[in-house]
Amino acid sequence: MNLRLASENHADYLLESEDVNYSHPSIGAIADVLRKQAPDELAYVQAAFEFVRDQVSHSWDIQSPRVTRIASDVLAAREGICYAKSNLLCALLRREGVPAGFCYQRLTLGDTPDTGYVIHALNAVYLRSLDRWVRLDARGNKDGVDAQFSTDTERLAFPIRSHYDEVDYPTIYTHPHPATMEALVQASNCLEMYLHGLPSTLDE
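Parameters at a glance
- Residues numbered from 1 in each chain as written.
- Predicted model: local features only at pLDDT ≥ 70, side-chain atom pairs only at ≥ 80, totals over all residues.
- Heavy atoms only, no water.
- Core = buried A, V, L, I, M, F, W, Y, C linked by side-chain atoms within 4.5 Å.
- Buried < 20%, exposed > 50% of the residue type's maximum accessible area, 1.4 Å probe, protein only.
- Contact = heavy atoms within 4.5 Å.
- 1 Å grid on protein atoms, 1.4 Å probe; cavity = no way out; pocket = protein on both sides within 12 Å on 5 of 7 lines; lining within 4 Å.
- Points joined across faces, edges and corners; volume = space filled by probe spheres on them.
- Helix = DSSP H or I, 4+ residues; strand = E, 2+ residues; numbered from the N terminus.
- Nonpolar A, V, L, I, M, F, W, Y, C, P; charged D, E, K, R; others polar.
- Pairing = 2+ DSSP bridges.
- Expected span 1.5 Å × (residues − 1).
- Polar contact = N/O pair within 3.5 Å; in protein donor to acceptor, adjacent residues only side chain to side chain.

With respect to the nonpolar core
For soluble globular proteins, nonpolar side chains are generally found buried alongside one another. Membership of the largest hydrophobic core comes to 52 residues, with the highest contact counts inside it found for Tyr83, Leu88, Leu92 and Leu93. Excluding residues within four positions of it along the chain, Leu88 makes contact with Ile27, Val52, Val56, Ala71, Val74 and Leu75. Tyr13, Ala124, Tyr126 and Leu156 belong to the second-largest nonpolar core, a separate cluster that totals 8 residues.

Next up, the structure:
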């Protein structure tokens, strides 16, 4: 799809915030470990993506009621929903000077529209060596979900089913969408939030 930048200034995709707190020592420590294993930009981006995808559990998959949001807290807990995991991946990328942003999809909560809709978060990263943006989904793989690092054909967690009114939003945001962060701020139980408290649409 044709992605659209919320800002033409790549520096805006390197900003630190409360949710993307990449100056936290724990973020730096993991970034340093991953960097030592990665000989170049592409290798680091792949390593960071696979770390968040595989080493940080999706809260629903492990049926955890804990709510995480801020990148360093997600790392400490090693769990979070897609909104939280995208904060962590963004922090690890920006920590090393790699421009990264946030993308969203509108998906059915279950397999069919009668289950309702939710907003799903993923990331986009600017690869200087390729001079283009690539979307990555670190949600976490399981049966039926197989997201991979790919610089040519997207291999995201969820295909969009337009016949179910699912939506692939084209904007690459510089910060997490406020509606997604507000859901995390207001929630006290992640499992209840996942079923009843996530936004179902996104105002572009």
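So, the layout of surface pockets
In this structure, the largest pocket occupies an estimated 540 Å³ of space. Lining the largest pocket are 26 residues, with Thr108, Leu109, Gly110, Phe158 and Tyr194 sitting closest to its centre. With 3 residues, the top contributor of residues to the lining of the largest pocket is strand S5 (residues 117-127). For the lining of the largest pocket, a count of residues per class yields 15 nonpolar, 5 polar and 6 charged.

A short note on the pairing of strand S6 (residues 132-136)
With respect to burial, S6 is a largely interior element, 4 of its 5 residues being buried. Inspection of the sheet shows S5 paired to S6 by 5 bridges, in the antiparallel sense. If you follow Val125 over to S6, its bridge partner there is Val134. Adjacent in sequence and paired antiparallel, S5 and S6 are bridged by 4 residues, among which Asp131 carries a positive phi angle near 55°.

Notes on the side chain of Arg139
Position of Arg139 among the secondary structure elements: in the loop between S6 and strand S7 (167-168). For Arg139, a relative accessible area of 3% puts it in the buried group.

A word on the pairing of S5
A large share of S5 lies buried, amounting to 11 of its 11 residues. Taking every second residue as pointing to the same face, both faces of S5 are buried, with Tyr117, Ile119, Ala121, Asn123, Val125 and Leu127 on one and Val118, His120, Leu122, Ala124 and Tyr126 on the other. Bridging between strand S4 (residues 100-108) and S5 involves 9 bridges; their strand directions are antiparallel. In the sheet register, Tyr104 faces S5, and the bridge partner there is Ala121.

Some details on helix H2 (residues 41-55)
Compared with an ideal rise of 1.5 Å per residue, which puts 15 residues at 21 Å, H2 spans 21 Å between its outermost C-alpha atoms and is within 8% of the ideal. Buried residues of H2: Glu41, Tyr44, Val45, Ala47, Ala48, Phe49, Phe51, Val52 and Arg53, and no others. In this structure, the buried residues of H2 make contact with helix H1 (25-36), helix H3 (71-77), helix H4 (82-95), S5 and S6. For H2, the side-chain oxygen to backbone nitrogen distance between the N-cap and Leu42 is 3.4 Å, and the N-cap itself is Asp40.

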